[in-house]
Amino acid sequence: MSSLSLKVKKVENLTPRIRRLVLTSPDNVPLPSFTPGAHLELHIPGERKQKRAYSIINLSAGDHYEIAVQLEDQSTGGSKWVHSLVEGQKVEIEIPKNHFPLVDKADHYILIAGGIGITPMLSMARSLAESQQDFALHYAGRDASHMAYLEEVQRMSNSQCWISGGDPAKRFPAAKVLAPPRANTHLYICGPTELITSVIQIARELGWPEEQVHYELFTGALEEEGDEAFEVELRGSGVTLAVNAGQNLLDVMIAAGIDPMFDCRRGDCGVCVAQIIEGEADHRDICLSDRERTSGSFCTCVSRAKSTKLVLDL
């Protein structure tokens, strides 16, 4: 069993742009279990075969999945569709997967969330609190009225909220929080690209070992205003495809009947990586190193082209 048909049991607006949904089994059959940091992939109806991944927020209770979805200005249909759902409606999902798991038996966990990136962090925090493990949760945002679950985070004794109001001096102080690196302390980051790259860079400068730094990019950050169409030649398949603004190459390949390898669809696992033969990439992943990008590696699920055409070894 790889997919399930679930019912929307509850819909709640957490902020003007973030909606909480509780999904349950229509026939009350226990749902597949999951671990903190796991996500669901929802099937988005329409002519194109699309799936969108959303972190599960609740603990693995067996009877429901809780997600929170932010309406994105540059949405390709996923968040708009989720925000149109009503209680009682049926949805198709893939069973939970986890590419962002907590390591076992760390001495301390530092959880850093930016904006809607609070969703996997809150799942982790709830689990760590329940098991009485040592952790600190940091939640950063620009405007308190747009920060989902803010009151719950503020009630946690081991949390801090950083609300900038647009003032750079009030932004999350990564260098202060991360210094110095500590043995068997693991760092988890989720949020916009800018936050993730900044925190990772500071952690590296401070000497954090790579194996103690974990991160996940939420889906909405992968689409950028001004994206343009480009052409992709799959040299090995003898096929040329058009990737329009609002599409990604992986979905276009699937719609064309090609059977590409993929898993996370968010640019953080590397399963879908192909090699560029010609053209210039616009990298949107967070799994490839600078060396891999320079050598021509390319994530088909999220990355785009700066040139009008790419030629790949697929």
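Look above for the structure.
As a convention, each chain's residues are numbered from 1 in the sequence order in which they are written. Two thresholds apply to this predicted model, a pLDDT of at least 70 for residue-level local features and 80 or more for giving and counting side-chain atom pairs, whereas whole-chain, interface and lining totals are computed over all residues. The side-chain quantities take in all heavy atoms of the structure and omit both hydrogens and water.

Caption draft 1: Main features of the sheet that holds strand β2 (residues 18–24). What makes two strands pair is DSSP finding at least two bridges between them. Secondary structure elements follow DSSP: runs of H or I of four or more residues count as helices, runs of E of two or more count as strands, with numbering from the N terminus. The strand order across the open sheet built from six strands is β4-β3-β6-β1-β2-β5, with neighbouring strands paired in antiparallel fashion. The open sheet has two edge strands, β4 (50–55) and β5 (65–70), and neither has a second partner. When strand polarity is set aside, the average angle formed by the axes of neighbouring strands in this sheet is 40 degrees. Looking at chain direction, strand β1 (residues 3–13) and strand β6 (residues 90–97) are connected through five bridges and run antiparallel. Note on β6: the bridge partner recorded for S5 is E92. Lines fitted to C-alpha atoms define the axes, with helix axes restricted to the stretch in contact, and inter-axis angles between N-to-C directions lie between 0 and 180 degrees.

Caption draft 2: View of the pattern of salt bridges. Note on definitions: salt bridges are taken to be side-chain nitrogens of Lys or Arg within 4 Å of carboxyl oxygens of Asp or Glu. For the structure shown, the criterion picks out 11 salt bridges. Between E66 and R126 there is a salt bridge; the shortest N-O distance is 3.7 Å. With E66 in strand β5 and R126 in helix α2 (residues 118–130), the pair connects residues that are 60 residues apart, well separated along the chain. Each of E12, R20, E66, R126 and E152 takes part in a single network of salt bridges with overlapping partners.

Caption draft 3: Layout of the packing of aromatic side chains. Two rings from Phe, Tyr or Trp (for Trp, the six-membered ring) form a pair when their centres sit within 6.5 Å of each other. Planes less than 30 degrees apart are called stacked, planes more than 60 degrees apart edge-to-face, and all others tilted. With the rule as written, the count across this model stands at three aromatic pairs. On the numbers, 5.7 Å between centres and 65 degrees between planes, the contact of F34 with Y65 is edge-to-face. Here F34, found in the loop between β2 and β3 (39–44), pairs with Y65, found in strand β5; they are 31 residues apart in sequence, far enough to count as distant. Relative accessibility under 20% of the residue-type maximum defines a buried residue, over 50% an exposed one, and the middle range a partly exposed one, all with a 1.4 Å probe and only protein chains included. Accessibility expressed as a relative area gives 10% for F34, which makes it buried. Summarising the aromatic geometry, the rings of F100 and Y188 are spaced 5.6 Å apart at their centres and angled 65 degrees between planes, so their arrangement reads as edge-to-face. Highlighted residues: F100 in the loop between β6 and β7 (108–114) and Y188 in strand β10 (residues 185–191), separated in sequence by 88 residues. Taken individually, F100 and Y188 each receive the classification buried, so the pair is uniform in this respect.

Caption draft 4: Expanded view of the pairing of β3. Most of β3 sits inside the fold, with five of its six residues counted as buried. One ladder, built from six bridges, connects β3 with β4; its direction is antiparallel. Across the sheet, residue E41 finds its bridge partner in β4, namely A53. Bridge count for β3 against β6 is three bridges, and the pairing is antiparallel. Across the sheet, E41 pairs through a bridge with E94, a residue of β6.

Caption draft 5: Quick look at the pairing of β1. Pairing of β1 with β2 involves six bridges; the strand directions are antiparallel. Each residue of the ladder has a partner; that of K10, found in β2, is V22. The antiparallel hairpin formed by β1 and β2 contains four residues in its connecting segment.

Caption draft 6: Here's a closer look at the sheet that holds strand β14 (residues 273–278). Read across the sheet, five strands follow the order β13-β12-β18-β14-β16 without closing on themselves; strand pairing throughout is mixed. Taken across any chain shown, the strands that pair with only one partner, and hence form the sheet edges, are β13 (239–243) and β16 (297–299). This sheet shows a mean twist of 40 degrees between the axes of neighbouring strands, independent of strand direction. Relative to β13, strand β12 (residues 230–234) runs antiparallel, the two sharing five bridges. When the sheet's bridge partners are listed, E233 is paired in β13 with T240.

Caption draft 7: Expanded view of helix α5 (residues 193–206). Multiply 1.5 Å by the residue count of a helix minus one, and that product is the helix's expected span. Here α5 spans 20 Å end to end across 14 residues, near enough to the 20 Å set by a 1.5 Å rise per residue. Residues of α5 that are buried include every one of L195, I196, V199, I200, I202 and A203, and no others. Projected onto a plane normal to the axis of α5, the buried residues spread over an arc of 165 degrees and lie on a single side. Structural note: α5 exposes E194 and E205 on the side pointing more than 90 degrees away from its buried face. Count one or two residues on from α5 and you reach G207, which has phi positive near 95 degrees. Note that the arc is computed from the directions linking the helix axis to the C-beta atoms.

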